[in-house]
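# Analysis of the macromolecular model
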Amino acid sequence: ETQHQVTLTKDFYVGVFEVTQKQWERVMGVWPSYFTNANYRDSRPVEQVSYEDIRGSSAGAGWPANNAVDADSFLGRLRAKTGLTFDLPTEAQWEYACRAGTTTALNSGKNLSYVLECPNVAEVGRYLYNGRSGSPYSGGGDTSVGTAKVGSYLPNQWGLYDMHGNVWEWCLDWYQSELGSSAQTDPWGAAGGSNRFYRGGCWGCFARYCRSALRLGSSPSYRLYYLGFRLVRAVP
């Protein structure tokens, strides 16, 4: 990747954990996840939720022009319940929170020993080689297969868990393959596009996909059993 300098001027809170299945159900009244074992719903991250499920496909598609969301989206209902302006992180906010001051491939301060299987990744998150034993596509299995209970691995220096692996995490920005090397302040991403970013890797990924710097994106309507999210909130 091409490194570039980013300055963030606005303080923000970020979720210690990825949003869980139980939290989604408390807001939306449904259980959308592929991993359906009821014994683990309280603590597994929600997945099979799209950017549009989280923010909406109408008003929620407006970022970066504004931060509005659809009233019937997850964030629309959560904002109404709490009176707080929760949202997804920008890509810059996500990487800043993930790294917690590190410049290595992983937020533990370690790099990869190999691009496929790596014990350093296994310390900080659920990925291919510690999450697909047995029958990996059995949605009714326990947390030894597929997604792990949030907080099962080492946190970064700021106390944030699962920034590497478990589920990919949606970000606000439109996907753009190259950001350039120029310095940016509070970047909001491209003005438009066809895909939205997600970051962090997942339970089915090789080690190299779980690096702090890895950037991917998909259609805002995309749902799969490895896509979830975490929340942020700007400090008033």
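Our subject is the structure listed above.
The model shown is predicted, which means the values in this text are computed figures rather than measured ones.

Take the sheet that holds strand β8 (residues 227-228) next. Reading across the sheet, the four strands line up as β7-β6-β4-β8 and stay open at both edges, with mixed pairing between neighbours. Pairing within the sheet leaves two strands with one partner each, and these edge strands are β7 (215-218) and β8. The pairing of strand β4 (residues 168-174) with strand β6 (residues 196-199) spans three bridges and is classified as antiparallel. When the sheet's bridge partners are listed, E169 is paired in β6 with R199.

Turning next to unusual backbone geometry. The amide bond that connects W63 to the next residue, P64, takes the cis arrangement and shows omega of 15 degrees. As for its position among the elements, P64 is in the loop between α2 (51-55) and α3 (74-82). Residue N166 is not a glycine yet carries a positive backbone phi of 70 degrees. Within the fold, N166 resides in the loop between α6 (128-131) and β4.

Here the focus is the nonpolar core. Residues W24, I54, F74, L75, W170, F229 and L231 are the most contacted members of the largest nonpolar core, which totals 35 residues. Mapped onto this core, the elements with two or more residues apiece are α1 (21-28), α2, α3 and β4. Among the nonpolar cores identified, the runner-up in size contains seven residues, and L160, M163, C171 and F197 belong to it.

A word on the environment of D53. On the secondary structure map, D53 appears in helix α2. Ignoring anything within four residues of it in the chain, the contact list for D53 reads W24, Q48, S73, F74 and R223.

Turning our eyes to something else, we now look at the packing of aromatic side chains. Per the stated rule, a full pass over the model turns up 18 aromatic pairs. Here the aromatic rings of F12 and Y96 are separated by 6.4 Å at their centres, their planes lie at 55 degrees, and the arrangement is tilted. Of this pair, F12 sits in strand β2 (residues 12-14) while Y96 sits in helix α4 (residues 91-99), and the two are 84 residues apart along the sequence. Take F12: its relative accessible area is 18%, and that puts it in the buried class. Using a relative accessible area of 46% as the deciding quantity, one classes Y96 as partly exposed. Through pairs of rings, three or more aromatic residues link up here, namely Y34, F35, W203, Y225 and Y226. The lysine or arginine in question, R41, covers the ring of W31, its NZ or CZ lying 4.4 Å from the ring centre. The lysine or arginine in question, R196, covers the ring of W174, its NZ or CZ lying 3.5 Å from the ring centre.

Across the seven residues of β4, seven count as buried, placing the element largely inside the fold. Direction of pairing for β4 relative to β8: parallel, over a ladder of two bridges. Along β8, the bridge assignment pairs E169 with G228.

Of all the residues in α1, the buried ones are Q21, W24, E25, V27 and M28. Burial along α1 is one-sided: seen end-on, the buried residues are contained in an arc of 165 degrees. Among the structural elements, α2 and α3 are those in contact with the buried residues of α1. After α1 finishes, the residue G29 shows a positive phi value of roughly 80 degrees.

A complete count under the given rule lists zero disulfides for this structure. Summary of cysteine pairing: C118 is not part of a disulfide, and the nearest cysteine sulfur, belonging to C210, is at 9.6 Å. Residue C118 is classed as buried on the basis of its relative accessible area of 0%. Its sulfur unpaired, C205 is 3.3 Å from the next cysteine sulfur, which belongs to C202. According to the relative accessible area criterion, C205 is buried, its value standing at 8%.

Analysis parameters
Residue numbers restart at each chain and count upward from 1, following the sequence in its written direction. Only residues with pLDDT of at least 70 are given local features in this predicted model, and only at 80 or more are side-chain atom pairs given and counted; all residues enter the totals for whole chains, interfaces and linings. By convention in this description, side-chain values take in all heavy atoms of the structure and omit both hydrogens and water. Any two strands are treated as partners once DSSP identifies two or more bridges connecting them. Helical segments are the DSSP runs of H or I of at least four residues, strand segments are the runs of E of at least two, and each set is numbered from the N terminus. Think of a nonpolar core as a cluster: buried Ala, Val, Leu, Ile, Met, Phe, Trp, Tyr and Cys residues, connected wherever their side-chain atoms sit within 4.5 Å. Accessible area is worked out with a 1.4 Å probe on protein chains only. A residue is then buried under 20% of its type maximum, exposed over 50%, and partly exposed in between. Whether two residues are in contact is decided by their heavy atoms, any of which lying within 4.5 Å being enough. Classification of ring pairs rests on two measures: the distance between centres of Phe, Tyr or Trp rings, Trp counted by its six-membered ring, which must be within 6.5 Å, and the angle between planes, read as stacked under 30 degrees, edge-to-face over 60 and tilted in between. Charge-over-ring placement is defined geometrically: NZ (Lys) or CZ (Arg) within 6 Å of the ring centre, and within 35 degrees of the ring normal. In this context, the arc is that of the directions from the helix axis out to the C-beta atoms. Note on disulfides: each one is a pair of cysteine sulfur atoms within 2.5 Å.

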